[in-house]
Amino acid sequence: MGGTVDLILVDGAFSLYLSVLKTIEPWLKPGAVVLGENAFEPSYLAYIRNPANGYMSLALPDEGRGNEFSVKLS
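This section reports on the structure supplied with the text. Every value quoted in this text rests on a predicted model; they were computed, and no experiment measured them. (Residues numbered from 1 in each chain as written. Predicted model: local features only at pLDDT ≥ 70, side-chain atom pairs only at ≥ 80, totals over all residues. Heavy atoms only, no water.)

**A few points about the nonpolar core**
The cut-off we apply is this: Residues enter a nonpolar core if they are buried and are Ala, Val, Leu, Ile, Met, Phe, Trp, Tyr or Cys, with the set joined through side-chain atoms within 4.5 Å. For every residue, the accessible area (1.4 Å probe, protein chains only) is compared with the maximum for its type, and the residue is labelled buried under 20%, exposed over 50%, or partly exposed between those bounds. Helix and strand assignments come from DSSP, with helices taken as H or I runs of at least 4 residues and strands as E runs of at least 2, each series counted from the N terminus. Residues count as neighbours in contact if any of their non-hydrogen atoms are within 4.5 Å of one another.
Core analysis: the largest hydrophobic core is formed by 14 residues, its most contacted members being Leu21, Leu28, Val34, Tyr44 and Tyr55. If you list the elements that add at least two residues to this core, you get strand 1 (5-10), helix 1 (17-24), strand 2 (28-36) and helix 2 (42-48). Sort the elements by how many residues they give to this core and helix 2 lands first, with 4 residues. What Leu21 contacts, discounting residues up to four positions off in sequence, is Ile8, Leu28, Val34, Tyr44, Tyr47, Ile48 and Tyr55.

**Points about the environment of Leu58**
Of note, Leu58 is situated in strand 3 (residues 55-59). Taking the C-alpha atoms as reference, Leu58 lies 20 Å from Leu16; in sequence the two are 42 residues apart. The residues contacting Leu58, other than those within four sequence positions of it, are Asn67, Glu68 and Phe69.

**Quick notes on unusual backbone geometry**
We note that Asn38 has phi near 50°; this positive angle belongs to a residue other than glycine. Looking at the secondary structure, you find Asn38 in the loop between strand 2 and helix 2.

**Quick notes on the environment of Trp27**
Here Trp27 is to be found in the loop between helix 1 and strand 2. Taking C-alpha positions, Trp27 is 8.8 Å from Asp6, a pair spaced 21 residues apart along the chain.

Printed below as a string of structure tokens:
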């Protein structure tokens, strides 16, 4: 599988955020942007914020909306 996805928006049922991300991960290119809309789900945030999982991530300064901006590093 080669990476072909440049950008994903994760939005919907919070409990599915991490499983959706892991399903798409094999197709994410290095440098792909992952936007988590209202990403309050603790397991998703723990995963995407852990550099060992291959992302650089930060919460956007959006007045408590909980949006997370992440970049796939490798």
